[in-house]
Amino acid sequence: MATHLVWFRNDLRVSDNLALAAACRDPQAKVIGFFIATPEQWRQHNMSPRQAEFIWQHLLALQNALAERGIELCIKQVADFAASIACLKNFCASRNVDALFYNYQYEINERERDAAAEKTLGREVICQGFDDSVLLPPGSVTTGNHEMYKVFTPFSKACIKRLREELPECVAAPPPRGEPLAIKEPAPFNYPREKVDTALFPLGERAAIAKLREFCLRPVADYSAQRDFPAVEGTSRLSPWLTLGVISPRQCLHRLLKEHPQALEGGAGASWLNELIWREFYRHLLVAYPKLCRFHPFIPWTDKVRWRQDDGHLKAWQQGKTGYPIVDAAMRQLNATGWMHNRLRMVAASFLVKDLLIDWRAGERYFISQLLDGDLAANNGGWQWAASTGTDAAPYFRIFNPTTQGERFDAEGAFIRRWVPELRIVPGKHIHSPWMWADKQQQTLDYPRPIVDHKQARTATLAAYEAARKPEDQ
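In this text, all values refer to a predicted model and were calculated from it rather than measured experimentally.

Definitions and cut-offs
Residues numbered from 1 in each chain as written. Predicted model: local features only at pLDDT ≥ 70, side-chain atom pairs only at ≥ 80, totals over all residues. Heavy atoms only, no water. Helix = DSSP H or I, 4+ residues; strand = E, 2+ residues; numbered from the N terminus. Contact = heavy atoms within 4.5 Å. Areas by Shrake-Rupley, 256 points an atom, 1.4 Å probe, with all protein chains shown as cover. Lys, Arg positive; Asp, Glu negative; His and termini not counted. Charge placed at Lys NZ, Arg CZ, Asp CG, Glu CD. Salt bridge = Lys/Arg side-chain N within 4 Å of Asp/Glu carboxyl O. Buried < 20%, exposed > 50% of the residue type's maximum accessible area, 1.4 Å probe, protein only. Pairing = 2+ DSSP bridges. Axes fitted to C-alpha atoms, helices over the stretch in contact; angles between N-to-C directions. Parallel < 35°, antiparallel > 145°, perpendicular 65-115°, else oblique. Nonpolar A, V, L, I, M, F, W, Y, C, P; charged D, E, K, R; others polar. Right-handed = clockwise from strand over helix to strand, strands pointing away. Phe/Tyr/Trp six-rings, centres within 6.5 Å; stacked < 30°, edge-to-face > 60°. Lys NZ or Arg CZ within 6 Å of the ring centre and 35° of its normal. Core = buried A, V, L, I, M, F, W, Y, C linked by side-chain atoms within 4.5 Å. Polar contact = N/O pair within 3.5 Å; in protein donor to acceptor, adjacent residues only side chain to side chain. Disulfide = S-S within 2.5 Å.

Enquirer: It is not clear to me how the overall build of the protein chain should be interpreted in this structure. Could you clarify?
Expert: Counting its regular elements, the protein chain contains 20 helices and five strands. Principal-axis analysis of the C-alpha atoms places the extent of the protein chain at approximately 80 × 55 × 45 Å. Restricting the contact set of the protein chain to residue pairs at least 6 apart, pairs at least 24 apart contribute 79%. Summed over all atoms, the accessible surface of the protein chain reaches about 21,200 Å², with 50% contributed by carbon and sulfur. Here the protein chain carries 59 positive and 54 negative side-chain charges, and the mean point of each set is 2 Å from the other.

Right, here's the structure in full:
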C-alpha cells in the first residue's frame with residue numbers, strides 16, 4: 001500500500017486544499033499530514049506572537065478535522081528551514097513515504113527550501129506541488145511580451161478576462177478514509193504566543209467559512225461605499241484566515257459569485273473582487289521579482305533616499321503618540337488587536353515615510369511584528385506603494401495629509417475616540433486638530449502635540465526624493 005504525505009504550511013484547512021485532495025485521490029493509499037514549525041525562522045522574520053497563536057490554534061483544529069477523516073497529522077518543531085529538510089527526509093524514511101504533496105509558497109526562502117527538499121528526497125519520493133494560495137498560477141498572467149505586469153490595472157483586467165473564460169475549481173474536502181483517530185495535543189511551539197480576540201477572529205475553518213458567507217450575503221454589496229470608513233464594519237476582515245490558508249481565494253471567489261453573479265462584469269461585489277486581485281498581484285510579483293523578498297525597492301533610485309534616523313519619532317509612531325489622532329488611533333488598533341483597517345494602513349504608512357521620513361522597511365518590520373494577518377507579499381506591496389518605491393506605487397509627490405485623511409474618513413471622530421480615549425472631551429469638528437481647540441478653550445489634554453509640522457515635513461520629503469532622483473554626475 002502506498003503512503004502519501006501532505007506537507008501543510010500556510011494551507012491549514014481540509015476544504016479546497018489542492019495538495020490534500022490530490023493525496024487522497026487513491027482510495028487505497030495511506031495518507032499522513034505533516035507540519036514543521038520553524039521558530040528560529042519566525043524570529044528572523046519578526047512574526048507576530050498573535051499570528052503564532054493563530055497558527056497554533058488552527059493546527060489543533062486541522063488535527064481534529066483530519067482525525068475525523070482517519071488521517072493523522074504529525075507536528076514537528078525544528079530551528080529553521082535548513083533543519084526542516086532533514087526532518088522531512090527522516091520522516092519520509094521512517095514512514096516509508098512514496099509521494100509528497102504540498103502547496104507552493106512564493107517567498108524566495110520558501111521556494112529555495114522546497115527545491116532543496118525535492119532534491120534531497122530524490123527519486124525515492126515522488127513530489128507534487130500545487131498553486132493553491134492563488135486564483136491563477138504566477139507567471140500565467142503576463143503582458144503581450146510575456147512579462148509580469150508592473151501596473152495593477154492591466155493586471156487586474158487580464159485576470160478578470162481569464163476568470164471569465166474559466167473559473168478555478170474548488171475541490172471538496174476528502175471523505176473519511178477510515179475510523180476516526182484518537183489524537184494527542186502536541187507540545188507547544190518554542191515561540192511567544194499572544195491571545196487573539198476570538199470575538200473578532202473566531203477560530204477554525206468552519207468559523208472562517210461562516211464569516212465569508214456572512215460577508216458575501218450583504219456587506220460585500222456595500223463594500224465600495226463603506227470600505228474606507230474605519231468606524232464602520234465595512235470590510236471582510238478575512239485576511240487572517242486567508243494568510244494562514246484556513247480559507248482559500250477560490251472559496252472567496254466562488255462564494256462571491258454565488259451571491260453576486262455579476263461581480264466579474266463590474267456589478268455588485270466587483271470592488272471586493274478587486275481586493276482579491278490585489279492580493280494576487282503581490283504574490284505574482286514575488287515570483288517575478290524575488291528581490292522584493294530581500295527588502296529591496298522595486299524602483300532602484302528610491303534606495304538613494306536619505307532617510308532620517310530618529311528612534312524617538314519611530315517609537316512615537318509605534319506607540320500611537322504622534323499627535324495626529326487618526327494615525328495614533330490606527331496604531332493603537334494594530335497594537336491592541338493585531339489588525340488594522342486597510343485605509344488606515346495607507347495613512348499610517350504614509351505618515352511614517354512621508355511625514356517622518358523614516359525608512360519604509362522599519363515600518364514593514366514593525367507591522368509584521370504585530371499583524372495577525374502578516375503576509376510578506378501583501379505587507380511589502382502595501383509599504384512600497386505608500387513609500388512610492390514599488391511597482392504601481394503612489395507617485396512620490398503624492399503625500400497624504402493625516403489631518404484631512406481623518407476629516408474625510410472619520411469625520412466625527414467615532415473611530416478616534418474608541419482608540420484615543422484622551423480625546424473624548426474634544427468636540428467632533430475639532431477632533432482632528434485637538435490642540436487648536438484645547439488652546440482656545442484653555443483646556444489641558446493628556447495627549448501629545450504633533451511631533452512634526454505636516455507642511456514642513458512635506459517640503460523636506462519632496463526635497464529628499466528629488467535629490468535621490470538626480471543622476472550621479474549632477
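The rest of the description comes next.
Enquirer: How do you make sense of the pattern of salt bridges when you look at a structure like this?
Expert: If charged atoms from side chains of opposite charge come close, those side chains can pair. Taken as a whole and assessed by the stated rule, the structure comprises 24 salt bridges. With its nearest N and O atoms 3.0 Å apart, the salt bridge here joins aspartate 359 to arginine 361. The residues aspartate 359 and arginine 361 share a single accessibility class, namely buried. For aspartate 439, the salt bridge goes to arginine 449, with nearest N and O atoms at 3.0 Å. With aspartate 439 in helix α19 (residues 434-441) and arginine 449 in the loop between α19 and α20 (454-469), this residue pair connects regions lying 10 residues apart in the sequence. For aspartate 439, a relative accessible area of 43% gives the class partly exposed.

Enquirer: Before we go on, may I ask you to explain the sheet that holds strand β4 (residues 99-103) in this structure?
Expert: The pairing of strands in a sheet happens through backbone hydrogen bonds and is either parallel or antiparallel. Ordered by their spatial adjacency, five strands build an open sheet running β3-β2-β1-β4-β5, and the pairing between neighbours is parallel. In this open sheet, the two strands that pair with only one neighbour each are β3 (72-77) and β5 (126-130). Looking at each pair of strands side by side, their axes are set apart by 25° on average, direction ignored. With six bridges connecting them, strand β1 (residues 3-8) and strand β2 (residues 30-37) associate as parallel partners.

Enquirer: How do you make sense of the packing of helix α14 (residues 342-355) against helix α17 (residues 402-409) when you look at a structure like this?
Expert: Between two packed helices, both the angle of their axes relative to each other and the distance between the axes serve to describe the pair. Packing of α14 against α17 brings their axes to within 10 Å, and their N-to-C directions diverge by 170°. Our classification of the angle between α14 and α17 gives roughly antiparallel. Touching Arg343, Val347, Phe351 and Asp355 of α14 are Pro402, Gln405 and Phe409, all from α17. Considered class by class, the residues forming the contact of α14 with α17 number four nonpolar, one polar and two charged.

Enquirer: Teacher, can you tell me more about the pairing of β4 here?
Expert: Two faces, one strand: in a regular strand the side chains alternate between the faces of the sheet. With five of five residues buried, β4 lies mostly within the body of the structure. Pairing of β1 with β4 involves four bridges; the strand directions are parallel. Bridged to leucine 5 within β4 is leucine 100. Alignment of β4 against β5, held across five bridges, turns out to be parallel. Pairing of asparagine 103 across the sheet is with phenylalanine 130, part of β5. Handedness of the β-α-β unit built from β4, helix α5 (residues 108-121) and β5 comes out right-handed.

Enquirer: I tried to follow the environment of leucine 286 on my own but got confused; where do I start?
Expert: Note on placement: leucine 286 falls in helix α11 (residues 270-288). Remark: the alpha-carbon pair of leucine 286 and leucine 376, spanning 90 residues in sequence, is separated by 9.1 Å.

Enquirer: Explain the packing of aromatic side chains to me, please; I cannot follow it from the model alone.
Expert: With the rule as written, the count across this model stands at 30 aromatic pairs. Ring centres 5.5 Å apart and planes at 90° place the aromatic pair tryptophan 42 and tyrosine 191 in the edge-to-face group. One end of the pair, tryptophan 42, is in helix α2 (residues 39-44); the other, tyrosine 191, is in the loop between α6 (152-165) and α7 (205-217), and 149 residues separate them in sequence. For the residue pair tryptophan 42 and tyrosine 191, the accessibility class agrees, reading buried in each case. Here the aromatic rings of phenylalanine 155 and phenylalanine 281 are separated by 5.1 Å at their centres, their planes lie at 45°, and the arrangement is tilted. With phenylalanine 155 in helix α6 and phenylalanine 281 in helix α11, this residue pair connects regions lying 126 residues apart in the sequence. Under the relative-accessibility criterion, phenylalanine 281 is labelled buried at 0%. Through pairs of rings, three or more aromatic residues link up here, namely Tyr149, Phe152, Phe155, Trp278, Phe281 and Tyr282. When the ring centre of phenylalanine 81 is taken as origin, the NZ or CZ atom of arginine 113, which lies over that ring, is 4.6 Å away.

Enquirer: Would you mind going over the nonpolar core with me for this structure?
Expert: Side chains that are nonpolar tend, in soluble globular proteins, to be buried together. Counting residues in hydrophobic clusters, the biggest one holds 135 residues, and the most contacted among them are Phe8, Phe35, Phe189, Trp272, Trp317, Met331 and Phe367. If we skip the residues at most four places from it in the chain, tryptophan 317 touches Thr322, Val327, Met331, Ala348, Phe351, Leu352, Leu356, Gly363, Tyr366, Phe367 and Trp383.

Enquirer: Would you mind going over the environment of arginine 250 with me for this structure?
Expert: Mapped onto the elements, arginine 250 comes out in helix α10 (residues 249-259). Measuring from C-alpha to C-alpha, the distance between arginine 250 and leucine 376 comes to 20 Å, with 126 residues separating the pair along the chain. Here arginine 250 is in contact with Arg13, Asp16, Leu18, Asp131, Asp132, Val134, Leu135, Pro168, Glu169 and Cys170, once residues within four sequence places are set aside. A distance of 2.7 Å separates a polar side-chain atom of arginine 250 from the backbone oxygen of aspartate 132.

Enquirer: I'm lost on the pairing of β2 in this one. Help?
Expert: Buried residues dominate β2, accounting for seven of its eight residues. Alignment of β2 against β3, held across six bridges, turns out to be parallel. Looking across to β3, one finds that phenylalanine 34 is bridged to cysteine 74.

Enquirer: How should the side chain of glutamate 280 be read in this particular structure?
Expert: Relative to the helices and strands, glutamate 280 resides in helix α11. Arginine 279 is the oppositely charged side chain nearest to the buried, salt-bridge-free glutamate 280, at an N-O distance of 5.0 Å. Among the polar contacts listed, one links the side chain of glutamate 280 to the backbone nitrogen of leucine 135, at a separation of 2.8 Å.

Enquirer: What am I meant to see in the state of the cysteines here?
Expert: The bond known as a disulfide is covalent and runs between the sulfur atoms of two cysteines. Tallied over the entire structure, the rule returns zero disulfides. Cysteine 216 takes part in no disulfide bond, and the closest cysteine sulfur to it belongs to cysteine 252, at a distance of 7.0 Å. Residue class for cysteine 216 comes out buried when judged on its relative accessible area of 0%.

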